[in-house]
Amino acid sequence: MDPFRYSSLKPLGADEIRIFGFEEGEDSIRIQHIRRPSDKSTTSEVLPAYHALSYAWGSEKQDCLILVNGGEFSVSADLRDALRHLRSDQSLNSHNLPTLLWVDAICIDQKNAEEKVVQVLRMKETYEGACKVVVWLGDEPDRREATGRAASFLCDRIPLTSEGHVPILERPDYFRDPENAPIMRIIGQDILRRPWWWRMWWISLFEMEVMNAPAEEAEENPYFPNITFKSLYRWKLEHGEAIPILALLENASSCLASNPRDMIFSVLGLASDIEALPTINSEHKLVCNYERSVQEVYTDFAKVHIHTHNSLDVITFSRNYNGRIAGWPSWVPDWSALRKSSCFSLSKLPLRSAARLAMSNSYAYQASGGRHPEFGFLQGDTLRVSGIRVDTVTQVGEPYFDPSPPGEKFDRTIEDWQTIALGEGDRRALDSYVGTEQTLIEAFDRTITADVNLTGDRSQRHERFVWLNSQRIVTQERLDQWNRARRAVYLRIQRRLFFTTSRGRFGLGPWDTKAGDIVFVLLGCNVPVILRQDGDRWAFVGEAFVLGIMDGEMAEAAEGDGPGDSEHSSGRIVESVLIS
């Protein structure tokens, strides 16, 4: 039998999509074209209702054959199983109408780069135009009964709005009810661990929030930190609120994409700040082109973001993960590795509670004092910036790598760091921190939590871990405060280390910070960065928290141009810092 060829169909128009229906025979379908649903459609224009299918692509082999318009077509076993299930699902055919489906692997010619780009940029419209989005989590026979019970439990308890949407629920009672613990365990340890939740594209089509999950479950499950924010995105979309692309990418850090370019391309339809086009790259518009290398796509995105926002904050996402790619510009984030980086960035600490719907789009810190960047791009993808050379790293602690809930290793790490900061037996605890009247122990307490509490607000003394450790915990309220403070530290120090500088400053830096590295405040960047000198160039190590310079102190006191290559230039603006 001949293979199916997309060339046998007419080319897709910009306002068209392909859908398909089932034919006789277990694995046989037939494709047709329809106009893309649009608000501009006339009342006389009747568009077929279709269901959109989402499933986990993964790296699974495309070694199962189905028939498309009578020709052989290779799909993954997971997609084949999903289609077989949907063929027999009577709930999709409640009105005795033909079941019509859209799925990207079949309805978009994956080998046609031009067609793929056009369809990807309008993916949000495709999902919104579906009468129902069906999510296939996979068929695991030994879990069917438990999964079914959990799904029924959620369906019975999650009300729909008048528009048919799942509402944003703040701390639903059924999550806290001890009688529901077995079901909640199935949801957390089975349903939310299916590979589909890794999929980058799910941000574009499905928003869900799990509120008030047990802390130990949230820490062990890699999806919880990001699931928490998805209904907030939906709320913003429904109310016409802006969603910057960095917010989308930050909270997609648990996701993966079979094509690493889709770490960027998949969220372009939701982002409010970056415009994308199929062709013609420019300073303020990103070309969406699957024929460009991953490095080119990520580099172009970083450049466009810098130009669009007149800010260097995007480079701080190049942080805290192992296995940097040789030859890759050090200032260009590898978005495919974000899952292996710190779960919270310093540049923008996300709010934890979806009840705070007025999520600020401003940043917590303003190390450069609001000063605009001075930048340029040289041949070989070298970034030229201006910045203030602050200090030299002199001593570093062991980095903290432990995704498990805080325990013995956490306590030992904090004790070791505290010894570096305060000396053996905390003998310097009551000495003054550089340039302030606060004690070193208070400065250390503020540093290990990046000077913010669990929800991202600036911390107060009664919310800090070391201070609470020194108090008698005799009430449940104080125990709750201690647990929140401990978790705040745990989240901030992941894949980071504590360091001190030659001028006595305390900081949190990337796990690979070394003695001799230099702390800079780059103009146009809201947090300090660690740079490592390499000849006449610098390598970008990552973002940093340095107590006492996070609110523009260095920018206000900075003097004129200095050479930037010696300790004597500390506190001076270096006009040409070349980062390769």
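Residues numbered from 1 in each chain as written. Predicted model: local features only at pLDDT ≥ 70, side-chain atom pairs only at ≥ 80, totals over all residues. Heavy atoms only, no water.

## What about the environment of Thr 99?
Item 1. Positionally, Thr 99 belongs in the loop between helix H1 (77-88) and strand S6 (100-102).
Item 2. On the accessibility criterion, Thr 99 (12% relative accessible area) is buried.
Item 3. Along the backbone, Thr 99 and Ala 49 are 50 residues apart, and their C-alpha atoms lie at a distance of 8.6 Å. (Helix = DSSP H or I, 4+ residues; strand = E, 2+ residues; numbered from the N terminus. Buried < 20%, exposed > 50% of the residue type's maximum accessible area, 1.4 Å probe, protein only.)

## Points about the pairing of strand S15 (residues 529-534)
Item 1. Inspection of the sheet shows strand S14 (residues 518-522) paired to S15 by three bridges, in the antiparallel sense. Within S15, the residue paired with Ile 518 across the bridge is Leu 531.
Item 2. Counted between consecutive antiparallel strands, the loop separating S14 from S15 contains six residues, among which Gly 524 sits at a positive phi close to 90 degrees.
Item 3. Pairing analysis gives six bridges linking S15 to strand S16 (residues 537-543), with the strands arranged antiparallel. (Pairing = 2+ DSSP bridges.)

## Things to note about the nonpolar core
Item 1. Counting residues in hydrophobic clusters, the biggest one holds 137 residues, and the most contacted among them are Trp 102, Ile 106, Trp 335 and Trp 417.
Item 2. Listed in part, the 12 residues of the second largest apolar core include Ala 56, Phe 153, Ile 186 and Trp 197. (Core = buried A, V, L, I, M, F, W, Y, C linked by side-chain atoms within 4.5 Å.)

## Some points on the packing of aromatic side chains
Item 1. Under the defined criterion, the tally for this structure stands at 22 aromatic pairs.
Item 2. For the pair Phe 444 and Phe 498, a centre-to-centre distance of 5.3 Å together with 75 degrees between the ring planes defines the contact as edge-to-face. Of this pair, Phe 444 sits in helix H15 (residues 440-448) while Phe 498 sits in strand S12 (residues 496-501), and the two are 54 residues apart along the sequence.
Item 3. Look at Phe 498 and you get buried, because its relative accessible area is 0%.
Item 4. What links up through ring pairs into an aromatic cluster is the set Tyr 400, Phe 410, Phe 465, Trp 482 and Tyr 490.
Item 5. Over the face of the ring belonging to Tyr 290 we find Lys 116, whose NZ or CZ atom lies 4.1 Å from the ring centre.
Item 6. One Lys or Arg, Lys 303, reaches over the ring of Phe 377 and ends 5.4 Å from the middle of that ring. (Phe/Tyr/Trp six-rings, centres within 6.5 Å; stacked < 30°, edge-to-face > 60°. Lys NZ or Arg CZ within 6 Å of the ring centre and 35° of its normal.)

## Points about helix H14 (residues 408-422)
Item 1. Relative to the 21 Å expected for 15 residues at 1.5 Å per residue, H14 spans 21 Å between its end C-alpha atoms, a close match to the ideal helical length.
Item 2. Within H14 the residues assigned to the buried category are Phe 410, Thr 413, Ile 414, Trp 417, Gln 418, Ile 420, Ala 421 and Leu 422. Down the axis of H14, the buried set is contained in an arc of 165 degrees. They therefore lie on one face. Opposite the packed face of H14, turned more than 90 degrees from it, sit the exposed residues Glu 408 and Glu 415.
Item 3. Each element contacted by the buried residues of H14 is listed here: strand S11 (382-396), H15, helix H16 (465-469), helix H17 (476-493), S12 and strand S13 (506-510). (Expected span 1.5 Å × (residues − 1). Arc of directions from axis to C-beta. Contact = heavy atoms within 4.5 Å.)

## Digging into helix H3 (residues 113-121)
Item 1. Looking at H3, one finds that the buried residues are Ala 113, Glu 115, Lys 116, Val 117, Gln 119 and Val 120.
Item 2. Of the surrounding elements, those touching the buried residues of H3 are strand S1 (16-22), helix H2 (104-107), helix H4 (123-129) and helix H12 (262-265).
Item 3. At the N-terminal boundary of H3, the capping side chain belongs to Asn 112, with an oxygen 3.2 Å from the backbone nitrogen of Glu 114. (Polar contact = N/O pair within 3.5 Å; in protein donor to acceptor, adjacent residues only side chain to side chain.)

## Re the sheet that holds strand S5 (residues 71-75)
Item 1. Taken in spatial order, the seven strands make up an open sheet running S5-S4-S2-S1-S6-S3-S7, and their pairing is mixed. At either end of the open sheet lies a strand with only one pairing partner, and these are S5 and strand S7 (132-136). Along the sheet, successive strands turn relative to each other by an average axial angle of 40 degrees, direction set aside.
Item 2. Strand direction decides the pairing type here: S1 and strand S2 (residues 28-35), joined by seven bridges, are antiparallel. For Ile 19, the partnering residue across the bridge sits in S2 and is Gln 32. (Axes fitted to C-alpha atoms, helices over the stretch in contact; angles between N-to-C directions.)

## Examining the environment of Asn 310
Item 1. Relative to the helices and strands, Asn 310 is located in the loop between helix H13 (294-309) and strand S10 (375-378).
Item 2. Owing to a relative accessible area of 34%, Asn 310 belongs among the partly exposed residues under this scheme.
Item 3. Through-space distance from the C-alpha of Asn 310 to that of Gly 524 is 7.3 Å; in sequence the pair is 214 residues apart.

## Some words on the environment of Asp 15
Item 1. With respect to the helices, strands and loops of the structure, Asp 15 is situated in the segment before S1.
Item 2. Along the chain, Asp 15 and Arg 36 lie 21 residues apart, while their C-alpha atoms are 5.2 Å from each other.
Item 3. Those residues in contact with Asp 15 that sit more than four places away from it in its chain are Ile 34, Arg 35, Arg 36 and Arg 122.

## A look at the confidence of the model for the protein chain
As a note on interpretation, predicted positions should not be read in detail where pLDDT is low.
Item 1. Mean pLDDT for the protein chain: 81, with 78% of residues reaching 70 or above.
Item 2. Here residues 205-228 is modelled with pLDDT under 50, and outside its nearest four sequence neighbours on either side it reaches 75 contacts, counting other chains as well.
Item 3. The low-confidence segment residues 349-363, where pLDDT is below 50, has 45 contacts with residues more than four positions distant or belonging to other chains. (pLDDT = per-residue confidence, 0-100.)

## A short note on unusual backbone geometry
Item 1. Even without glycine at this site, Asn 69 takes up a positive phi of about 50 degrees.
Item 2. Structurally, Asn 69 is set in the loop between strand S4 (64-68) and S5.

## Focus on the pairing of strand S3 (residues 51-55)
Item 1. Most of S3 sits out of view: five of its five residues are buried.
Item 2. Side chains His 51, Leu 53 and Tyr 55 of S3 all project onto a buried face; the interleaved residues Ala 52 and Ser 54 project onto the opposite face, where all are buried too.
Item 3. Pairing of S3 with S7, which is carried by five bridges, proceeds in the parallel orientation. When the sheet's bridge partners are listed, Tyr 55 is paired in S7 with Trp 136.

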